[in-house]
Amino acid sequence: MTHPPSGGTQTSRTPDPVSAPVGVPAQRRTNWAARTGRLRAVATTEPGRLQIIGAVLALLVVAFGAVTTLEISSRASSADDVVSRSQPLSADAADIYRFLADADTTAASGFLAGAQEPEAVHEQYRKDIEEAARLLVKASGSTDSDSASSREIATLNKLLPVYTGLIERARANNRQGLPLGGAYLRYANQKMTGEMLPAAERLYAAESGRLESDSADARQWPLLSLGAGIVVLGALAWMQRRTYRRTNRVLNHGLLAATAAAAVVVLWMAVGHAVARAELRSAMVHGQASLDVLNDARISSLKARANENLTLVARGAVLTPDGSADQYEADYTTGMKALKGQLEKAGELADDERGSAPVADASEGVTEWQGRHREARATDDHGDYDGALEQIIGTDKSTGQSFQQVDAALEQALAHEQSEFTAAAEDGRGALRGLPTGAAALAVLGAAAVIVGVNRRLSEYR
């Protein structure tokens, strides 16, 4: 038995509108093939080849200028940071440490003077605290909020009012003749030497590290720009040789001008960066290295002076862990030994008379200071406390006078080395000034010269 087809008559299907433009990719491929074909046809003729080569050369020159501008701008920015940001912040961090240490030393000297603290001593303490606070605010505005420096600044800002509060309590008790004043002073000194000065030292280390990083970035050779310059000069030389072989003409003024522009950029970049590199290295090796040592020496002298004063304040109440000696006297001896070593190193680093003379004065002052200190300790050991006090803080042949001589000499040496650093770093920055803009302008002129030179050759075919 047979059955008719279930679908009846076959219906016609309408085309899917979505699949209609099937031929579009094929059309695009056809257009691309047509363009490629035309380009190949153009490249088979000498005028066409000249147009292609000219366009490539012009793009190479422009790319060389762009790379040089960007890379040298980065070096110039780092050199500018060395002069205007990194080194000033490093110097401010060293000053923060020094002002804090000097405030601690001055507070101990004022305490030893008795109930009536000399006005000059109190004024010096106040000035040290104000300067330290001012520099902390300045440093806070120049550092990133999530940096190590910012954390150390926050620590110092938190501890500074605690320390000054302890000093004021020590003064108040001292004016009343209460022995509790000495305990407050020693606790304030522990707060300073155990927490504040280490934080200030870490701040100085962080800022000095940033200075070294900026200087290293500025001194890094612009290898990409130099490589691009060599490639451009080679390409231009090849093009001129090609032109000579086809026309027997030695010179093409446009290509020659482009070559001269590229050569000027390469030479300017190489010489300018070499000078900048040498000057910045000199600033770090001769200037900053001396500044580091001199700052350490000045801090060591301040610590030694504070420990010397506290030896009389404590009167043997604070002993070394083994109980064999006075802790402050032991710290004084250690500090003076470090100070002598730092002065010897500073003398070796000084490269002229203006730098070495104050270091020599400081060394003489240290020797005199140590001799007077031994005399004061002998006086105190024989039970003459007032006589020892006069030898420490008096106005005639005291250790205080020797300390002032050392501090003044170190300040003079620091000022000289700072000027040496600034002069060398500014010379390094100046060697890069104008190079990014000049490279960009010469690259544009070189590209235009290439086009002019190639068009001159093309005009011979018309």
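As the structure is a computational prediction, the values presented were derived from the model and not from experiment.

## A word on the overall build of the chain
Consideration 1: Counting its regular elements, the chain contains twelve helices and zero strands.
Consideration 2: Going residue by residue from the N terminus, the α and β elements of the chain occur as α-α-α-α-α-α-α-α-α-α-α-α.
Consideration 3: The contacts of the chain with a sequence gap of at least 6 include a subset with a gap of at least 24, amounting to 82%.
Consideration 4: On the chain, roughly 23800 Å² of surface is accessible, and the fraction owed to carbon and sulfur atoms is 56%.

## Re a nonpolar patch on the surface
Consideration 1: Where nonpolar side chains cluster on the molecular surface, the patch consists of I52, V56, L60 and V231 and spans about 290 Å² of accessible area.
Consideration 2: Inspection of the secondary structure assignment puts L60 in helix α2 (residues 46–112).

## Observations regarding the packing of α2 against helix α12 (residues 435–458)
Consideration 1: Following both chains from N to C, one finds α2 and α12 inclined at 175°, their axes separated by 8 Å at the closest point. Accordingly, the angle class assigned to the pair α2 and α12 is roughly antiparallel.
Consideration 2: Here the residues of the contact of α2 with α12 are counted per class, giving 17 nonpolar, seven polar and two charged.

## Points about the UniProt feature "transmembrane region" (unreviewed entry) in the chain
Consideration 1: Per the UniProt annotation, the sites labelled "transmembrane region" (unreviewed entry) are residues 50–70, 221–238, 250–271 and 435–454.
Consideration 2: Structurally, residues 435–454 is divided into 100% helix and 0% strand, and its ends, taken at the C-alpha atoms, are 28 Å apart.

## Focus: the side chain of R377
Consideration 1: Assignment of secondary structure puts R377 in helix α9 (residues 353–381).
Consideration 2: With relative accessibility at 18%, the residue R377 sits in the buried group.

## Some words on the packing of aromatic side chains
Consideration 1: Taken as a whole and judged by the stated rule, the model has two aromatic pairs.
Consideration 2: Connected via pairs of aromatic rings, a cluster forms that spans Y332, W369 and F403.
Consideration 3: The ring of F99 has R98 lying over it, and the distance from NZ or CZ to the ring centre is 4.4 Å.
Consideration 4: Directly above the ring of Y125 sits R171, whose terminal nitrogen or CZ lies 4.3 Å from the centroid.

## Observations concerning helix α3 (residues 119–141)
Because the α-helix completes a turn every 3.6 residues, residues three or four places apart line up on one side.
Consideration 1: Taking 1.5 Å of rise per residue, the 23 residues of α3 would be expected to cover 33 Å, and the 33 Å separating its terminal C-alpha atoms lies within 8% of that figure.
Consideration 2: Those residues of α3 lying buried are Y125, D128, I129, A132, L135, L136 and A139.
Consideration 3: Tucked into the core, α3 has its buried residues touching α2 and α4 (148–175).

## A few points about the packing of α2 against helix α5 (residues 180–219)
Consideration 1: Two elements in contact, α2 and α5, have axes whose closest approach is 9 Å; the angle formed by their N-to-C orientations is 170°. Classified by the angle between their axes, α2 and α5 sit roughly antiparallel to one another. In terms of crossing hand, the pair formed by α2 and α5 is left-handed.

Conventions adopted
- Residues numbered from 1 in each chain as written.
- Predicted model: local features only at pLDDT ≥ 70, side-chain atom pairs only at ≥ 80, totals over all residues.
- Heavy atoms only, no water.
- Helix = DSSP H or I, 4+ residues; strand = E, 2+ residues; numbered from the N terminus.
- Contact = heavy atoms within 4.5 Å.
- Areas by Shrake-Rupley, 256 points an atom, 1.4 Å probe, with all protein chains shown as cover.
- Patch = residues over 30% accessible without salt bridge, like charges linked within 9 Å, V, L, I, M, F, W, Y side chains within 5 Å.
- Salt bridge = Lys/Arg side-chain N within 4 Å of Asp/Glu carboxyl O.
- Axes fitted to C-alpha atoms, helices over the stretch in contact; angles between N-to-C directions.
- Parallel < 35°, antiparallel > 145°, perpendicular 65-115°, else oblique.
- Nonpolar A, V, L, I, M, F, W, Y, C, P; charged D, E, K, R; others polar.
- UniProt positions renumbered as here; feature names shortened; annotations may be inferred.
- Buried < 20%, exposed > 50% of the residue type's maximum accessible area, 1.4 Å probe, protein only.
- Phe/Tyr/Trp six-rings, centres within 6.5 Å; stacked < 30°, edge-to-face > 60°.
- Lys NZ or Arg CZ within 6 Å of the ring centre and 35° of its normal.
- Expected span 1.5 Å × (residues − 1).
- Left-handed = near helix turned anticlockwise from the far one by under 90°.

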